[in-house]
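Examination of the molecular architecture
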Amino acid sequence: MSQDSIAVGSMAGASSNSGRGLWSSRWAFFLAATGSAVGLGNIWKFPYITGENGGGAFVLVYLACILVIGIPLLMTEVMIGRRGRANPEGAMAALAKQVGAGRHWRLFGSMAILTGFLILSFYAVIAGWALAYTPAAIMGSFAGLNGESSGALFGALLGDPWKLVGFGTVVLLLTLGIVALGVREGLERSLRFMMPGLFVLLLGLVGYAATTGHFLEAVHFLFDADFSKLSGQSVLVALGHAFFTLSLATGAMMAYGSYLPAGTSIAKTAIMVALADTAVALLAGLAIFPLVFANGLEPGAGPGLIFVTLPIAFGQMPFGQLVGGLFFIMLAIAALTSAISLLEPTVAWLGEKFAIGRIKAVVLSGIVLWLLSLGTALSFNVWSDFTLFGKTFFDSLDYLTTSLLMPLGGLGTVVFGGWVLSRTVVQEALGIGHPHLFTLWWQVLRWVTPLGIVLVFLHTLGLFG
Ligand code: PHE
C-alpha cells in the first residue's frame, strides 16, 4: 500500500474534507472498520458472556440485535460521520443545523465520545492479558496444564497488580503512539495480513476443538435456544454486546465514516463488516466451548474463560507453543486495532473543538486514560473488595458503558437518523440504490430499531414479557 493509503489525521485528500484526510478507498475503510469491530469483544467477551447467560437463547437474541439494531445503526453512524465530516459531536451538530433541528442533538455525539473513552480505559487492561500470555505461550508455560492449574496460572496474572498495570500501559502507549501518528500506513498494512491470519488460526482452533469429543455438546450449548435460561438482564447484555462488538455508540464508526470518500456504498460495506464480525465471534465460541466441556470447566466462569481454556489446548496440541504464541499476539493486535478506533473520536474532538494539535490531544487523553486504567487493573487484585452496587470498578465501568450508555446513545442516534434527518438526505448518503430495499431499511430504522432498544429496556426492568 502506498504511503498515504490511510491518511486519517494527515493532510492528504484535504480538498474534499477540509484538511482532515480521507481513506484511500472503500477497501481501506472496510479494513479499518473491520479492524475496529473485530477485537476482544469477539474472542474474549462473546464466549464468556454467552457462558454466563446460558448459551443458545442468548446467542439468538444477540444475533437478532445485530440484525435489526446493530446493522441499521452502523449504517446510520457511518452516514452521519461522512455527511458531517467532523468528530462525532461536531458531525451531529452540523447535521442538526443543516436540517434545522435543535443544537442539543450534538450531546449524543459527546456522550458517544465519552463512552468510547471510558471503554478504552478497561479495554487496554484486558488487551494486556493477551500481551502477557504471548511470551508465556512461546516459552512453553502451558505444557501439561489442566483445568485447575490453568486457572491458577491465570489467577496469578490477575493477582499481580504490577503486571496488569505494566501490560495495560504498554497497550495504551502503543495505541496513543499510533493515533498520534495519524492512524496511517501501519494500520492498513497490519490489518491486511492480521485479519486473514486470525481467521485461519481460529478455524484451526475450531478444528482442534472438534477432536476433543465435546464438539457437539458445544454446538448444542451455542445454538439450542432454551429461553428459560434467559433472564431480563441477559437480554440487555445481548443488546449491549451487539453495540460493543460492532463498535457502535462510541463515535468510532462515525469518526471512521468521517474519513470515507463520497460515493462508497455505506450499506454494502456495513453488511460486510457485520458479517465478518459475527463470523469471528461464532468461530471463537466453537473453538472455546468444546475445550470448556472437555476439561470440566464452568461455561459461566467469567472474564477469564478464554485465558483458562485455550492454554490447556495449546499445552497439549502439536506445535502448541507456536500456535499459542501466534494466537495471543494476534489477539493483542486485533485488540490494538479496536483500541485505536476507541481513541480516535476523543482525539479528533479535542483537536477540532479546542484547536489543539494532535500530539497534545493524545498526551492529554493518555494521562486521563492511564489513571482510569489503574482502576480496572487494581479491581482484580488490591481493590477487589471495593464495590459499587456489588460490582467491582471494572464490572461497574463495563456495565455503565455497555449496558447503559451504549443502548441509550444508540437510541438517540437512531432517532436522529430516522426522525430528524430527512428521508432524501439519508437515501442519498447511504447508497441503497433499490427503492423498495431502501424503504424497507428506512422503516426498520424508524420503527423496529428504536422500538427494539426500548423493548429490551422494558424487558430488563421486568415491565414486559
Ligand atoms: N468492537 C470492539 C471489539 O469487539 C470493541 C470496540 C467497541 C471498539 C467500541 C470500538 C468501539 O472488541
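Relevant structure appears above.
Quick look at the structure, then. (Residues numbered from 1 in each chain as written. Predicted model: local features only at pLDDT ≥ 70, side-chain atom pairs only at ≥ 80, totals over all residues. Heavy atoms only, no water.)

Take T376: it is sitting in helix α15 (residues 358-379). Given the relative accessible area of 0%, T376 is considered buried. Not counting residues within four places of it along the chain, the set of residues in contact with T376 comprises S121, F122, V125, F393, F394 and L397. (Helix = DSSP H or I, 4+ residues; strand = E, 2+ residues; numbered from the N terminus. Buried < 20%, exposed > 50% of the residue type's maximum accessible area, 1.4 Å probe, protein only. Contact = heavy atoms within 4.5 Å.)

Our next topic: the side chain of S265. Turning to its location among the elements, S265 is positioned in the loop between α11 (252-257) and α12 (266-294). A relative accessible area of 16% places S265 in the buried class. Leaving out residues up to four positions away in the same chain, S265 has contacts with L430 and G431.

This paragraph deals with the nonpolar core. Residues W129, F327 and F328 are the most contacted members of the largest nonpolar core, which totals 161 residues. With 17 residues, helix α5 (residues 106-138) is the single largest residue contributor to this core. (Core = buried A, V, L, I, M, F, W, Y, C linked by side-chain atoms within 4.5 Å.)

Here the focus is the packing of helix α4 (residues 88-98) against α5. Two elements in contact, α4 and α5, have axes separated by 7 Å at closest approach and are oriented at 170 degrees. In terms of orientation, α4 lies roughly antiparallel with respect to α5. Here α4 runs over α5; the crossing is right-handed. Contacts between α4 and α5 involve P88, E89, M92 and A93 from the first element and R106, F108, G109, S110 and I113 from the second. Considering only residue class, the contact of α4 with α5 consists of 5 nonpolar, 2 polar and 2 charged. (Axes fitted to C-alpha atoms, helices over the stretch in contact; angles between N-to-C directions. Parallel < 35°, antiparallel > 145°, perpendicular 65-115°, else oblique. Left-handed = near helix turned anticlockwise from the far one by under 90°. Nonpolar A, V, L, I, M, F, W, Y, C, P; charged D, E, K, R; others polar.)

An ideal rise of 1.5 Å per residue puts 20 Å on 14 residues; helix α10 (residues 232-245) measures up with 20 Å between its terminal C-alpha atoms. Counting buried residues along α10, 12 of its 14 residues qualify, which places the element largely inside the surrounding structure. For α10, the full list of buried residues reads G232, S234, V235, L236, A238, L239, G240, H241, A242, F243, F244 and T245. The first or second residue beyond α10 is S247, which carries a positive phi of 60 degrees. (Expected span 1.5 Å × (residues − 1).)

Below, the discussion takes up the packing of aromatic side chains. Taken as a whole, this structure holds 33 aromatic pairs when the rule is applied. Considering the side-chain rings of W44 and F394, the 6.5 Å spacing of their centres and the 50 degrees angle between planes classify their relative orientation as tilted. Pair noted here: W44 is in helix α2 (residues 40-52) and F394 is in helix α16 (residues 393-420), with a separation of 350 residues, a long-range link. In this pair, the class of W44 matches that of F394, namely buried. Its guanidinium or amino end placed over the ring of W419, R446 lies 3.7 Å from that ring's centre, counting from NZ or CZ. (Phe/Tyr/Trp six-rings, centres within 6.5 Å; stacked < 30°, edge-to-face > 60°. Lys NZ or Arg CZ within 6 Å of the ring centre and 35° of its normal.)

Looking now at the environment of G39. Looking at the element boundaries, G39 is found in the loop between α1 (26-37) and α2. With 193 residues separating them along the chain, G39 and G232 place their C-alpha atoms 26 Å apart.

This part is about helix α6 (residues 147-158). Helix length check: α6 (12 residues) gives 17 Å between terminal C-alpha atoms against 16 Å at 1.5 Å per residue, within 8%. Residues of α6 that are buried include every one of G147, S150, F154, L157 and L158, and no others. Along the long axis of α6, the arc covered by the buried residues comes to 100 degrees, so they all point the same way. In α6, the exposed positions angled more than 90 degrees off the buried face are occupied by E148, A152 and A156. Regarding α6, its N-cap is N146, as a side-chain oxygen of that residue lies 3.1 Å from the backbone nitrogen of E148 further along. (Arc of directions from axis to C-beta. Polar contact = N/O pair within 3.5 Å; in protein donor to acceptor, adjacent residues only side chain to side chain.)

The subject of this paragraph is a nonpolar patch on the surface. Taken together, the side chains of I359, V363, I367, V368, W370 and L371 make up a nonpolar region of the molecular surface, amounting to roughly 560 Å² of accessible area. Along the polypeptide, V368 turns up in helix α15. In this structure V368 comes out as partly exposed when scored by relative accessible area, which is 41%. (Patch = residues over 30% accessible without salt bridge, like charges linked within 9 Å, V, L, I, M, F, W, Y side chains within 5 Å. Areas by Shrake-Rupley, 256 points an atom, 1.4 Å probe, with all protein chains shown as cover. Salt bridge = Lys/Arg side-chain N within 4 Å of Asp/Glu carboxyl O.)

The quantities given are spatial measurements derived from coordinates; they are silent on function.
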